[in-house]
Amino acid sequence: MKKPLALFFPLYTTTLLMLLGSGLLTTYISLRLSAINVSGAMIGAIIAANYIGLVIGGKVGHILIARVGHIRAYVSCSGIITAAVLGHGLTDIIPVWVVLRLIIGLCMMVQYMVLESWLNDQAEANQRGVVFGFYMVASYLGMSLGQVVLMLNSDLGVSTLIVIALCFALCLVPIALTTRTNVGHMSPAPMELKFFIRAIPKVLAITLVIGMVVGSFYGMAPIYTSQQSLTTQQTGLFMALAIFAGLLAQFPLSWLSDRYNRNMLMRINAILLALTALPLALFSHISFPLLLGIGFIVSLMQFTLYPLVVALANDMIEPERRVSLSACLLMAFGVGACIGPLAVGALIQPLGGNILYAFFALCGAGIVALSRTSKKEEETQMAVDAPVPHIAMPDSLSSSPLSPALNPAFDEQMIQDTMPAPENVVEPVIGETDEEPVEEEEESKYPPQGADPEVDTGLQRAFTLLEDSVSENSVAEETTEKKN
C-alpha cells in the first residue's frame, strides 16, 4: 500500500494552487473595491455572488462530470476561471464583476467535486482519514499562501490578477499529467431537507449562522483592515494568520470533541467568539500587533464552529441518513455564506468597519441561544451510536456535495447505499439467449478521460493514406520487377 501523500501528490498540488489563487482573489477584490470607494453593499453583493455560484455549482458539476468526465470538466472550468479572473482587469463595471464572481464560484465548485470524487474513488477504505487530512492541509495552506503572495506583491493592479490567473492555469498541469484516470462517477448526496428541518431545526439554524460568520469574514475582513489604515502587506499578514489559525485549531478540536460534550464545546466556542470579537467591535483603532493577536484568537473560535456542528448533527441522526445530512449542512452553510456578506456590506458603510466584529459577536450570542437544550432533550435527540468519531474538516469553502464520501467517519457501504446511482451508467445489454454481459460494455460504462483511440482523427487518416501510398508503391515495384 503506497503512502497517500505520494499517491495523491498531483491532486494535493492542484488543490494547493487552486486555493492559493482563490484566497488571493477574494482578498484582492475586497481591497481593490475599497480602494476605488465602492460601497460596502456592492462589495457584499460581489462576495455573495461567489457563494451563490458555489451553491449552484453543486448541481451543474454533477451534470458536467457525468457527461464529459473528470479531467475534461476540471480543465474546462479552470480555463473559464482564468478568463474570468483576467476579465476583472478589463473593466471596472461592478455588475460585470458580480457576474464574473458568480461564474468563478460555480466553476470552482465543479473543481472541488472533481478532486473530492477522485480522491474518494482512488483511496482505500483504511486510508480515507489520512487522505482527507492531507486534503484539508492543502486547502488551508493554499488559502494562507494566497495572502502571503499579497504581502510580497502589494500592487492592486493587473499584475496581481496575472498572478492569480497563473495559479489557476498551473493547477491544470498536475491533474492533466496524472495517469490515474479510471475514476468512477459518483452522484451527489441526496437532499432530505424537510426531514432535517423537522428533526434538527436548531442545528440547521446554527449552521446557517456559522456560514454567515465565515462568509462575511473572507469577504469583509479586508475592508475592515483597510478602514484600520493597514497597508496591503499588513492586510495580507492579518488574513494569512487568521486562515492559518483555522488549520491549527482543527487537531486539538478533534481531541476535545471526542472527550467532552460537543454541544457544550460549541457553546463555549461561541461565547469565546463573542467575547474576543468585542474589543475589535468597540475600539475604532487598535495597534497592529494587538490586532494580529486578537484576530488570530477570533479565527481560532470561528473556524472550529463548523466542524463541531457537523459532529453534533451526526450524533443526532441515524447512520443511514448521515450522508444526506452532510449535503444539507453544506447547503445551509452556503446560504448563510451568501447572507453574511450582504448584511455586513449594507451596514459597513454607515456604521464603519467595526460592524464586522460586532456582527461576529452577535452571531456568537445567537449560536449560544440556539444551542441551549436541557440534559433530557440532549439524551433523547442523540442517535444510538453517538458520539460519532470527530473528523477534522475544512471550513466548507473547500468542500462540495461529494465531501461526505471523503469523510472517514462514514462507512464505505453506507456511502454506496445512500448515494443514488450515477445517471450516465449504461446498463449492460443482455441478449435473448441469456448470455453474460460483454466485458467491453462493462468497461465502457464511464466516459473516457483522454482521446478516444477509436475516433478517426485527421492524424490517423494521414497515417492511413501514407500506408496506402507505401503499399501502392511496393505493388508497382513488384509488378515492374516481374515484367523485367
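This structure is a prediction, so every number in the text was calculated from the model and none was measured.

The secondary structure content of the chain amounts to 19 helices and zero strands. Residues counted as buried form 52% of the 484 residues belonging to the chain. Here the contacts in the chain between residues at least 6 apart in sequence split such that 87% fall between residues at least 24 apart. Accessible area of the chain: about 21,200 Å², with a carbon and sulfur share of 65%.

Closest axis-to-axis distance for the helix 2 (residues 9-35)/helix 10 (residues 201-227) pair is 8 Å, and the angle between their directions is 45°. Judged on the interaxial angle alone, helix 10 and helix 2 are oblique. The hand of the helix 2/helix 10 crossing is right-handed. In this structure, helix 2 uses Thr26, Thr27, Ser30, Leu31 and Ser34 to contact helix 10, whose residues at the interface are Tyr218, Gly219, Pro222, Ile223 and Ser226.

Every α-helix carries 3.6 residues per turn, so stepping three or four residues along brings you back to the same face. Across its 30 residues, helix 14 (residues 322-351) extends 42 Å between first and last C-alpha, which sits within 8% of the 44 Å expected from 1.5 Å per residue. Among the residues trailing helix 14, Gly352 stands out with phi positive, at a value near 95°.

What is expected of a backbone is that most residues other than glycine have negative phi and most peptide bonds are trans. In this structure, Asn37 takes a positive phi of about 60° despite not being glycine. Mapped onto the fold, Asn37 is located in the loop between helix 2 and helix 3 (40-68). On the basis of relative accessible area, Asn37 is assigned to the exposed category, the value being 71%. A positive phi is found at Ser229, a non-glycine position, where the angle reads about 65°. With respect to the helices, strands and loops of the structure, Ser229 is situated in the loop between helix 10 and helix 11 (232-257). For Ser229, a relative accessible area of 58% corresponds to the exposed category.

Glancing now at helix 13 (residues 288-316). If you check helix 13, its first and last C-alpha atoms are 43 Å apart, about what 29 residues at 1.5 Å a residue would give, namely 42 Å. Taking burial as the measure, the 29 residues of helix 13 include 23 buried ones, the bulk of the element.

Per the counting criterion, the structure on display carries two salt bridges. Between Asp92 and Arg32 there is a salt bridge, with its nearest N and O atoms 2.8 Å apart. One end of the pair, Asp92, is in the loop between helix 4 (70-87) and helix 5 (94-122); the other, Arg32, is in helix 2, and 60 residues separate them in sequence.

Within the secondary structure, Thr304 is located in helix 13. For Thr304, a relative accessible area of 4% gives the class buried. Aside from chain neighbours lying at most four places away, what touches Thr304 is Ala249, Leu253 and Asn269.

This brings us to the confidence of the model for the chain. Averaged over every residue, the pLDDT of the chain is 80; residues scoring 70 or more account for 75%. Looking at the elements of the chain, mean pLDDT is at its lowest for helix 18 (residues 439-443), recorded as 45, and at its highest for helix 15 (residues 355-370), recorded as 93. Confidence drops under pLDDT 50 across residues 424-460; counting only partners more than four residues distant or on other chains, this segment forms 34 contacts.

With respect to the secondary-structure elements, Met316 resides in helix 13. As a C-alpha pair, Met316 and Ala199 span 117 residues in sequence and 8.7 Å in three-dimensional space.

The rules we used
- Residues numbered from 1 in each chain as written.
- Predicted model: local features only at pLDDT ≥ 70, side-chain atom pairs only at ≥ 80, totals over all residues.
- Heavy atoms only, no water.
- Helix = DSSP H or I, 4+ residues; strand = E, 2+ residues; numbered from the N terminus.
- Buried < 20%, exposed > 50% of the residue type's maximum accessible area, 1.4 Å probe, protein only.
- Contact = heavy atoms within 4.5 Å.
- Areas by Shrake-Rupley, 256 points an atom, 1.4 Å probe, with all protein chains shown as cover.
- Axes fitted to C-alpha atoms, helices over the stretch in contact; angles between N-to-C directions.
- Parallel < 35°, antiparallel > 145°, perpendicular 65-115°, else oblique.
- Left-handed = near helix turned anticlockwise from the far one by under 90°.
- Expected span 1.5 Å × (residues − 1).
- Salt bridge = Lys/Arg side-chain N within 4 Å of Asp/Glu carboxyl O.
- pLDDT = per-residue confidence, 0-100.

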